[in-house]
Amino acid sequence: MHLHIIGICGTFMGSLALLARELGHQVSGSDANVYPPMSTQLEEAGISLMEGYRAAHLQPAPDMVVVGNALSRGNEEVEALLNSGLPYTSGAQWLAEHVLPGRRVIAVAGTHGKTTTASLLAWLLESAGLSPGFLIGGVPRNFNISARLGSLDAPFVVEADEYDTAFFDKRSKFVHYRPDIAVLHNLEYDHADIFPDLAAIERQFHHLVRTVPSRGRLLVGDGQPALERVLEQGVWTPVDYVGDHPESAWQLRSERDDASRFQVIYRDPESKIEEDGVVEWALTGEHNARNALAALAAARQCGVDLARGCAALARFETPRRRQEVRGEVNGIQVIDDFAHHPTAIAATLQGLRAATPKGRLLAVIEPRSNTMRLGAMRERLMESVTQADAIFWFQPPSVAWSMETLVDAQAHSTLYDDIDALVSAVVTQASPQDRIVVMSNGSFEGVHERLISALAAREEA
């Protein structure tokens, strides 16, 4: 079957393309924004990429067209598709119909930490010899690929996004997956372009809860009022709480300020069995420790014992763009992170601050997500960067509000709308032992490589 994917370079759709190719389908796709790591993955898999959205991309006619959720009416290729009468579907529906049937599905949902937690879980299952399938909205470096089928009798891990499915299906993508195990990690307001308020997102999360069978399991982050409201709407599945509350089934106790070593405690709510273990790993930050705790809880539901899981975490590598060290020049690290929500920005900076005993923390931030571009959380952005020694804001043309207010309210804060000027300013300030952390959920005009090149050129001068 020839499958054509419109919007193929999105993290979800690109991963879907890899699964379709592994199933033996001929796959082509089009997108207006083609950049690594997804474009590299697709090209290496032999998938034909077409630049832009054009009617001509539907010739010769494919057998099925999968439409990404970033596409809307008025798009040339979408209009040509509708006029052609060709069969089409959404990515989430195609996944549910062609990949997930017969698999034990584990869905990882939440406002923050989905990619890291799903990557952790896939690695725990892999380390236990289960050969899981997965679809993750990033590239786990332990696998160097964002999706695979795995063994057909093994669990399938899917990063479960609450964003809407397609222009013709406004439900959240995760309602299609019907998981046996659902990780509800955390829940805050986000996606201001499609959800009017937090209550609207809570309703979608409850739609997900409704699909989990009574023989399954809900693994719920503790201390999350929004998730409590979700469960108050009705729950038919056993619930284990995950966090640091003394009554949670899964608890962690950090043994270092940067959470690079922590204790895990599990108390079986039914048999009263208690287990514990210690994790010592390369990641930092309390948020990553909680990601690991949720992954350990889900892996145990698949038969991975706690001792084996804790040992495997020592060999875990962060997914690309999640606190990924892109390079180091003269003792100055350039770190890439996907954080784009105030809570995630604060958590990333807090973790890096605890792990940076010497040198300064320089934050380079592009508010690029739809929520940030609309200015829905501009006040919280000011509060999110208190751990940084210097903040370099970048205002892309798509931001609909003036970011001058951020600079006016903060010391050690500057604003740029020219990428070369921003790079020059950061490099001028950076000194050995400093860490430069770049936060954006887009390509950010290749600023990471520009910074590394400029730092190297400074040393050679």
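Residues numbered from 1 in each chain as written. Predicted model: local features only at pLDDT ≥ 70, side-chain atom pairs only at ≥ 80, totals over all residues. Heavy atoms only, no water.

Under the UniProt heading Pathway (unreviewed entry), the entry covering the protein chain gives this text: "Cell wall biogenesis; peptidoglycan recycling." If you open the UniProt record of the protein chain and go to Function (unreviewed entry), you find "Reutilizes the intact tripeptide L-alanyl-gamma-D-glutamyl-meso-diaminopimelate by linking it to UDP-N-acetylmuramate." (UniProt positions renumbered as here; feature names shortened; annotations may be inferred.)

Caption draft 1: Structural view of the nonpolar core. Counting 48 residues, the largest nonpolar core has Leu-95, Tyr-177, Leu-184 and Phe-205 as its most contacted members. Per-element tally for this core: the top contributor is helix H1 (residues 11–22), with seven residues. Residue contributions to this core reach at least three from each of two domains, namely domain 1 (2–90) and domain 2 (100–314). Look past the residues within four positions of Tyr-177 in its chain and what remains in contact with it is Phe-12, Ala-92, Leu-95, Leu-100, Val-105, Val-158, Glu-159 and Ala-160. If you look at the next biggest cluster of nonpolar residues, it comprises 43 residues, including Ala-249, Ala-259, Ala-294 and Ala-297. (Core = buried A, V, L, I, M, F, W, Y, C linked by side-chain atoms within 4.5 Å. Buried < 20%, exposed > 50% of the residue type's maximum accessible area, 1.4 Å probe, protein only. Helix = DSSP H or I, 4+ residues; strand = E, 2+ residues; numbered from the N terminus. Domains from an automatic or database assignment. Contact = heavy atoms within 4.5 Å.)

Caption draft 2: Examining the pattern of salt bridges more closely. According to the stated counting rule, one finds 18 salt bridges in the structure shown. For the salt bridge of Asp-164 with Lys-170, the shortest nitrogen-to-oxygen distance reads 2.7 Å. Judged by relative accessible area, Asp-164 falls into the buried class, the value being 5%. For Arg-229, the salt bridge is made with Glu-202, and the minimal N-O distance between the two is 2.7 Å. A residue pair is termed long-range when its members are at least 10 positions apart, and Arg-229 in helix H7 (residues 225–232) and Glu-202 in helix H6 (residues 198–211) qualify at 27 residues. (Salt bridge = Lys/Arg side-chain N within 4 Å of Asp/Glu carboxyl O.)

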